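Secondary and tertiary structure notes
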Amino acid sequence: HEMDVDTIWLNGEFVDWEDATTHVLTHALHYGTGVFEGVRCYDTENGPAIFRWDEHLDRLYDSAKPYELDIGHSHEELSEATLELLRREGLESCYIRPIAYYGYHSLGVSPGDCPTDVAIAAWPWGTYLGEEALENGVDVMVSSWRKHASSQIPTNVKTTGLYVNSMLAGEEARRNGYVEAIVLNKEGNVAEGPGENLFMVNDGEIFTTGPAQSILEGITRDTVITLAEELGYTVHDEAVISRGQLYTADELFFTGSAAEVTPIRKVDNVEIGAGTRGPVTEEIQGAFFDLVERKTDAHDDWFTYV
Ligand SMILES: Cc1[nH+]cc(COP(=O)(O)O)c(CN[C@@H](CCC(=O)O)C(=O)O)c1O
């Protein structure tokens, strides 16, 4: 395989990458009944460190709750397994993918006696939306697919089954020559990206959608809100952003563990601001990367050193 990683932690053991498989009648494969996380480990000035691991792990357990999925392993066990995995593979700057799901026993929508399988994989992963994206921004399209409503499925947590909506929206954008989508909710107001939260800058103030807009409660979103407020910005973190406001925004940017802080320079071919990374976006992005690369000693409790 193309990943230069040999081991995956699966159900309490380290197994060879090739042996980390599941049965074709696995419940989650048929019904989307898994929960997962996306976490970055940064090769900081003080050595490799996982960014906001505790918050990500807490969210994994929260994601399991609506589905009554019993993770079956303690936080400590999963943390030790993850640190051991990174040490074994000598991974310093990497992406960590924990997943827990209803496994193989019998089929039928009810998970019945299906066991919980838990796996943790990690691999080097570069810039999520393309090498140039962080500096030059990305061109996005408002998708014709709407986000699930939070009344239809918990959108505030990371359920594997949710991501068919993300794939439909994102692939529609890429099919039409854009890098990524912006997804509106069933009210037709802005929710977020298929795999990112969305921020808007207007007249020096910062706006981002909250859980009532059917979005994932992003950890990078929380980080950026904190950093922006520390920089003196007013942040409206439960904003209702209409589709029209996307086009008239001074600046837009995505946040996510994978996306980090990615400027949006065009929406549906309408240039946002000057059509390049905006000044506030650049300032926030700089603060984010200084933080995760430990060029500042602020928020050291957000780092789990490997
Ligand atoms: C729908 C969605 N919204 C917002 C976010 C940002 O959340 P956070 O990572 O806690 O700041 C993510 C993370 N998307 C993950 C999965 C990406 C993938 O392609 O898979 C990620 O960024 O790791 C989402 O999937």
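Treat the numbers as computed from the prediction; the structure is a model and nothing was measured. The numbering scheme is per chain: residues are counted from 1 as the chain's sequence reads. In keeping with the predicted nature of the model, local features appear solely for residues at pLDDT of at least 70, side-chain atom pairs appear and are counted solely at 80 or more, and the whole-chain, interface and lining totals rest on all residues. With hydrogens and water stripped out, all remaining heavy atoms of the structure feed into the side-chain values.

**A word on the site of the ligand**
Any residue with a non-hydrogen atom lying within 4 Å of a molecule or strand is treated as near it. Taken together, the neighbourhood of the ligand is formed by 20 residues, with Y95, Y128, Y163, E192 and T220 sitting nearest. Counted as a polar contact is a pair of N or O atoms within 3.5 Å, where, for protein atoms, one must be capable of donating a hydrogen and the other of accepting one, and residues adjacent in sequence contribute only when both atoms are in side chains. Note that an oxygen atom of the ligand is positioned 2.8 Å from one of the side-chain N or O atoms of R97. When the ligand is considered free in solution it has 560 Å² of accessible area, and contact with the protein chains removes 92% of it. Sorting the residues of the shell around the ligand by element identifies strand 6 (94–102), helix 6 (219–230) and strand 14 (251–256) as the ones contributing at least two each. Three classes are used, and their members are as follows: Ala, Val, Leu, Ile, Met, Phe, Trp, Tyr, Cys and Pro are nonpolar, Asp, Glu, Lys and Arg are charged, and the others, Gly among them, are polar. Tallied by class, residues from the shell around the ligand come to seven nonpolar, eight polar and five charged. All domain edges in this entry derive from an automatic or database-based domain assignment. Lining the shell around the ligand are residues from two domains, each supplying at least three of them: domain 1 (7–123) and domain 2 (131–292). Shrake-Rupley sampling with a 1.4 Å probe provides the accessible areas, and residues are treated as covered by the protein chains on show and by no other component. Starting at the N terminus, helices and strands are each numbered in turn, a helix being any DSSP run of H or I of at least four residues and a strand any DSSP run of E of at least two.

**Quick word on the side chain of T155**
Note on placement: T155 falls in the loop between strand 8 (138–142) and helix 5 (163–175). Exposure is judged per residue with a 1.4 Å probe applied to protein chains only, and the accessible area is read against the type maximum: over 50% gives exposed, under 20% gives buried, and values in between give partly exposed. Overall, the relative accessible area of 2% leaves T155 in the buried class. T155 has contacts with H148, A149, S150, L162, S214, I215 and L216, leaving out every residue within four places of it along the chain. Residue contacts follow a heavy-atom distance rule, with two residues in contact if any of their heavy atoms lie within 4.5 Å.

**Details of a negative patch on the surface**
Together, D4, D6, D16, E18 and D19 make up a region of like negative charge exposed at the surface. Within the secondary structure, D16 sits in strand 2 (residues 13–16). Residues forming no salt bridge and having over 30% relative accessible area are the ones grouped into patches, like charges within 9 Å of each other and nonpolar side chains (Val, Leu, Ile, Met, Phe, Trp, Tyr) within 5 Å. Every case where a carboxyl oxygen of Asp or Glu lies within 4 Å of a side-chain nitrogen of Lys or Arg is listed as a salt bridge. His is not counted, nor are the chain ends; Lys and Arg add positive charge and Asp and Glu add negative charge. The atoms used to mark charge sites are NZ of Lys, CZ of Arg, CG of Asp and CD of Glu.

**Considerations on helix 3 (residues 75–89)**
With 15 residues, helix 3 ought to run about 21 Å at 1.5 Å a step, and its terminal C-alpha atoms sit 21 Å apart, in line with that. Within helix 3, burial applies to L78, S79, A81, T82, L83, L85, L86 and E89. How far a helix is expected to stretch is found by multiplying one less than its residue total by 1.5 Å.

**With respect to the nonpolar core**
Among the nonpolar cores identified, the biggest contains 33 residues, and I50, I71, L78, L86 and I96 are the most heavily contacted of them. Those elements giving two or more residues to this core turn out to be strand 1 (7–10), strand 4 (39–44), helix 2 (53–64), helix 3, strand 6 and strand 7 (116–123). Each residue touching I96, except ones within four places of it in the same chain, is listed here: E37, G38, V39, C41, I50, W53, T82, L86, I120, A121 and A122. Only buried residues count toward a nonpolar core, which is a set of Ala, Val, Leu, Ile, Met, Phe, Trp, Tyr and Cys residues joined through side-chain atoms within 4.5 Å.

**Some details on the environment of A28**
Mapped onto the elements, A28 comes out in helix 1 (residues 27–31). We classify A28 as buried; its relative accessible area is 14%. Sequence separation of A28 and Y101 is 73 residues, and the distance between their C-alpha atoms is 5.9 Å. Beyond its immediate chain neighbours, meaning those up to four positions away, A28 contacts T33, G34, Y101 and Y102.

**Quick notes on the packing of helix 6 against helix 8 (residues 279–292)**
Packed helices, taken two at a time, are described by their axes: the angle between them and the distance between them. A fitted line through C-alpha atoms represents every axis, and for helices the fit uses only the stretch in contact; the resulting angles, taken between N-to-C directions, go from 0 to 180 degrees. Contact geometry of helix 6 with helix 8 gives a least axis separation of 10 Å together with a crossing angle of 110 degrees. With respect to helix 8, the axis of helix 6 lies roughly perpendicular. Across from T220, T223, V224, L227 and A228 in helix 6, the residues of helix 8 making contact are I284, A287, F288 and L291. Residue composition of the contact of helix 6 with helix 8, by class: seven nonpolar, two polar and no charged. In what follows, roughly perpendicular refers to angles from 65 to 115 degrees, roughly parallel to angles under 35, roughly antiparallel to angles over 145, and oblique to any angle outside these ranges.

**Focus: the pairing of strand 1**
A two-sided burial pattern is seen for strand 1, the buried positions comprising T7 and W9 on one face and I8 and L10 on the other. Across four bridges, the pairing between strand 1 and strand 2 is antiparallel. Within the sheet, the bridge partner assigned to I8 lies in strand 2 and is V15. For two strands to count as paired, DSSP must find a minimum of two bridges between them. Counting the residues between successive antiparallel strands, the hairpin from strand 1 to strand 2 contains two residues, one of them, N11, with a positive phi of roughly 50 degrees.

**What to know about unusual backbone geometry**
Although it is not a glycine, N11 adopts a positive phi angle of roughly 50 degrees. In this fold, N11 is placed in the loop between strand 1 and strand 2. On the basis of relative accessibility, which here comes to 35%, the residue N11 falls in the partly exposed class. Of note, D268 is a non-glycine position whose phi angle comes to about 50 degrees, a positive value. Looking at the element boundaries, D268 is found in the loop between strand 15 (260–267) and strand 16 (270–271).

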